[in-house]
Amino acid sequence: MDCLFCKIIKKEIPAEITYEDDNSIAVLDIHPVAPGHTMVLPKVHAENILDLPNDQVGPVFLAVKKVAEKLKN
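Quick summary incoming for the structure in this document.

Analysis parameters
- Residues numbered from 1 in each chain as written.
- Predicted model: local features only at pLDDT ≥ 70, side-chain atom pairs only at ≥ 80, totals over all residues.
- Heavy atoms only, no water.
- Helix = DSSP H or I, 4+ residues; strand = E, 2+ residues; numbered from the N terminus.
- Rg over C-alpha atoms; globule rule 2.2 N^0.38 Å.
- Buried < 20%, exposed > 50% of the residue type's maximum accessible area, 1.4 Å probe, protein only.
- Contact = heavy atoms within 4.5 Å.
- Lys, Arg positive; Asp, Glu negative; His and termini not counted.
- Charge placed at Lys NZ, Arg CZ, Asp CG, Glu CD.

Regarding its fold elements, the chain presents two helices and three strands. Ordered by position in the sequence, the α and β elements of the chain form the string α-β-β-β-α. The globule rule puts the C-alpha radius of gyration for 73 residues at 11 Å, and the 12 Å found for the chain is close to it. With the C-alpha coordinates aligned to their principal axes, the bounding extent of the chain is approximately 30 × 25 × 20 Å. In the chain, buried positions account for 23% of the 73 residues. Within the chain, contacts between residues separated by at least 24 positions form 31% of all contacts whose residues are at least 6 apart in sequence. Of the charged side chains in the chain, 8 are positive and 11 negative; the average position of the first set lies 6 Å away from that of the second.

Printed below as a string of structure tokens:
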């Protein structure tokens, strides 16, 4: 697979990881729109949120919340 995000998750491409758990990884965007601009990526490949398996949606959004709290602090 030639997915850039999958390569980041597999750590084949360097990225500044700000959070990681069993289901997701958060990295700083290389072209940030604002300071702290972070992307939270599911560890399973999905073209978009509609393709993300239902059992992964909750854990990924919990990671989004944790990252948002971290950025707020």
